[in-house]
Amino acid sequence: MRDDLQNLIANTDVFLLDMDGTIYLDSTPIGDMVSTLDSIRRAGKKIVYFTNNSSKTVDEYREKLTRIGFWRDEDIIYTSGMASIWYLRKYHADSRVYLLGTDALKRSYVDSGIHLVEDDADVAVLAYDTSLTFAKIKRFNEMLVKGARYISTHPDLVCPTDDIFMPDVGSFIKMFEASSGRTPEVIIGKPYTYMGEMILDQLAVETSRVTMVGDRLYTDVKFGLNCGFNSVLVLSGETTMDDYRESGIEATLVLDSLNDVAKYL
Ligand SMILES: [Mg+2]
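Residues numbered from 1 in each chain as written. Predicted model: local features only at pLDDT ≥ 70, side-chain atom pairs only at ≥ 80, totals over all residues. Heavy atoms only, no water.

Some thoughts on the sheet that holds strand S12 (residues 186-187)
The five strands are arranged S7-S6-S8-S9-S12 in an open sheet whose pairing can be described as parallel. Since the sheet does not close on itself, it has two edges, and those belong to strand S7 (115-116) and S12, each with one partner. Strand direction decides the pairing type here: strand S8 (residues 123-126) and strand S9 (residues 149-152), joined by four bridges, are parallel. Counterpart to Val123 in the pairing with S9 is Arg149. The strands that helix H5 (residues 103-111) touches are strand S6 (96-100), S7 and S8; relative to S6, the one it contacts most, it runs at about 160 degrees. (Pairing = 2+ DSSP bridges. Helix = DSSP H or I, 4+ residues; strand = E, 2+ residues; numbered from the N terminus. Contact = heavy atoms within 4.5 Å. Axes fitted to C-alpha atoms, helices over the stretch in contact; angles between N-to-C directions.)

A few points about the coordination of the magnesium ion
Looking at the magnesium ion, the protein donor atoms are Asp18 (OD), Asp20 (O) and Asp215 (OD), and they sit 2.2 Å from it. Within one chain, the residues serving as donors to the magnesium ion are arranged as D-x1-D-x194-D. With Asp18 in the loop between strand S1 (14-17) and strand S2 (24-25) and Asp215 in the loop between strand S13 (210-214) and helix H9 (217-227), this residue pair connects regions lying 197 residues apart in the sequence. Like Asp18, the residue Asp215 is buried in the burial classification. (Donors = N, O, S within 2.8 Å, 3.2 Å for Na, K, Ca; no water. Buried < 20%, exposed > 50% of the residue type's maximum accessible area, 1.4 Å probe, protein only.)

Here we look at the pattern of salt bridges
Opposite charge on two side chains lets them pair, provided their charged atoms get close. Counted according to the given criterion, the structure contains 19 salt bridges. The salt bridge partner of Arg62 is Asp59, with a shortest N-O separation of 2.7 Å. Of the two residues, Arg62 and Asp59 are both situated in helix H3 (residues 58-67); the distance of three residues between them amounts to about one turn of the helix. For Arg62, a relative accessible area of 31% puts it in the partly exposed group. Ionic pairing is found between Arg245 and Asp242, a salt bridge with its closest N-O pair at 3.6 Å. On the criterion of helical spacing, the pair formed by Arg245 and Asp242 is a turn pair, its members being three residues apart in helix H10 (residues 241-247). Here Asp242 falls in the partly exposed class, since its relative accessible area comes to 48%. Linked by salt bridges that have partners in common, Glu118, Asp119, Lys138, Arg139 and Glu142 make up one network. (Salt bridge = Lys/Arg side-chain N within 4 Å of Asp/Glu carboxyl O.)

Here it is, written out as structure tokens:
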């Protein structure tokens, strides 16, 4: 019997779920995750899929989650790309914005009424652009040197794959630091708190009733702690118990996987 896990479940209305390493590995569900997610919903808790990846849109994630049997219509998906839109609308409503990002993210920006420009931007946003070209790198560097406010969607250095990990936005931050001398004034994604602020804003839930679940200490678990949420480390992804002990980070709970929750629902 785990009283700590039982209490955590009783005190949670919203589960924020990291995806890779937490609910699936690549595209393979971890254990019987489909029924775990169903148990969570049946207990009246909200499921929010929560990712730093800003290269894919909400529709693309919904397709993937549907394909592996996870998606139900009452679920929600938040990406750092989507959170960057929320942030710009809240804090830079009338700004001219240059976006280094995929066409899919650009469409989401335009649909949300953000004023995208190619020159003289007030704000330069660095998202995860998997169609990056030299022309785009050159243009973004010019925006930074000219003094645009610098916002990045997330800080991850690499993006996990089943082969060699791919360079992610954090690696590009280092490149632009070398070329322009600038680092982002604002980073939207985990472990920074903007996505947490957005959740509280949009879901009208109390801070103490939100639980973040993830497999990365320095993004997922830190994010939960930084936001004042319950913060659960799962050992189903990249972190081992030894890593956790050595990290000095203190999660609310450590579980072998999210499937442990189903035993108490
Ligand atoms: Mg993960």
